[in-house]
2 protein chains.
Amino acid sequence: MKAQALHGHLDALLLAVLEQGPLHGYAIIEALRSRSDGHLDLPTGTIYPALRRLERAGHVASTWSTVNGRERRTYQLTDAGRGALAGERSGWREFSSTVGRFLDADTPPTTTPA
Amino acid sequence: MKAQALHGHLDALLLAVLEQGPLHGYAIIEALRSRSDGHLDLPTGTIYPALRRLERAGHVASTWSTVNGRERRTYQLTDAGRGALAGERSGWREFSSTVGRFLDADTPPTTTPA
DNA sequence: CTTCATACGTAGCAACGCTACTTGTCGTTC
DNA sequence: GAACGACAAGTAGCGTTGCTACGTATGAAG
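Quick caveat: nothing in here was measured; it's all calculated off a predicted structure.

Before we go on, may I ask you to explain the environment of Gly83 of chain A in this structure?
Tracing the backbone through its elements, the reader meets Gly83 of chain A in helix α4 (residues 79-103). Placed 24 residues apart in sequence, Gly83 of chain A and His59 of chain A show a C-alpha to C-alpha distance of 8.5 Å.

So what exactly am I meant to see when it comes to the sheet that holds strand β2 (residues 60-67) of chain B here?
Backbone-to-backbone hydrogen bonds join strands into a sheet, with any given pair of strands oriented parallel or antiparallel. Residue and element names in this part refer to chain B. The antiparallel open sheet is built from 3 strands, whose spatial order is β1-β3-β2. Two strands in the sheet have a free side with no partner beyond their single neighbour: β1 (23-24) and β2. Where β1 lies against strand β3 (residues 70-77), 2 bridges are found, and the strand directions are antiparallel. Looking across to β3, one finds that His24 is bridged to Thr74. Against the sheet, helix α1 (residues 10-19) engages β1, β2 and β3, with an angle of about 95 degrees to β3.

Just checking my understanding: could you explain the protein's contact with DNA strand D for this structure?
As a structural note, the neighbourhood of DNA strand D is formed by 29 residues, with Tyr26, Arg72 and Arg73 of chain A together with Thr46 and Arg53 of chain B the closest of them. A share of 68% is what sugar and phosphate atoms reach among the atoms of DNA strand D within 4 Å of the protein. Taking Arg70 of chain A, its side chain carries an N or O atom lying 3.3 Å from a base oxygen of DNA strand D. Here a base oxygen of DNA strand D and a side-chain polar atom of His7 of chain B are 3.3 Å apart. Contributions of two or more residues to the surface near DNA strand D are made by α2 (25-35), α3 (44-56) and β3 (70-77) of chain A together with α3 (44-56) of chain B.

Criteria and thresholds
- Residues numbered from 1 in each chain as written.
- Chains lettered and ligands numbered in written order.
- Predicted model: local features only at pLDDT ≥ 70, side-chain atom pairs only at ≥ 80, totals over all residues.
- Heavy atoms only, no water.
- Helix = DSSP H or I, 4+ residues; strand = E, 2+ residues; numbered from the N terminus.
- Pairing = 2+ DSSP bridges.
- Contact = heavy atoms within 4.5 Å.
- Axes fitted to C-alpha atoms, helices over the stretch in contact; angles between N-to-C directions.
- Near = heavy atom within 4 Å.
- Polar contact = N/O pair within 3.5 Å; in protein donor to acceptor, adjacent residues only side chain to side chain.

See the structure below:
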């Protein structure tokens, strides 16, 4: 998967994984990886700043905890975040249907008929 | 449609509209607008540099002509461009199905029952 | 003669995600 | 007990990309 393709859709993905329950950053990375069959293997340098962006925006809230001597920052969706997710979803639908109109259309006949 | 959403997919769109035949820049803008029901209304400052990028990459070729005293630069897909388009299409499919797995899933019950 | 549609273009900016690196604990292996 | 990998968090700086705001010029319409 091309790296820059995510541009503008990462927030939506993060909100979507958090919709199913609170997770800490590292677990979010793993959730994205497993739920996408390995297609989304995002580096920490992508995830952590994005989560802080979302927190600044009020879409998620975080709480620290210590598990086995390891510091964890667990994020959970806020009500505002749930609203934002709904918006992102409809935005995604519009975007993907618009672009899909140009790109999904016809796979050029790879099966070039004789 | 959010502005930055296109990030990384613009080239694919341009190749896709040119797949149906050569067009000049201004006509490409109109084609994108009409074929997307107005959702894609891209400014010249987006299109022209993108077309030059594609030309530098060898995906399109341009020829100048004068129509009614107006200079036109008509772009057409090259063979390499056709190949690139095929790649972009499969990239798009992978991308949209991956993201869609998170976002298309379930429209949260907008029909919040009273 | 002014305005709008046509037609091309550039300069500079802002956003976003990535690469590369750092810090620290725990568990396992040598 | 040293070393290494998995776990867990983070920052600094960079490159790409599309957008905003301009600038130029012709032809048609009023």
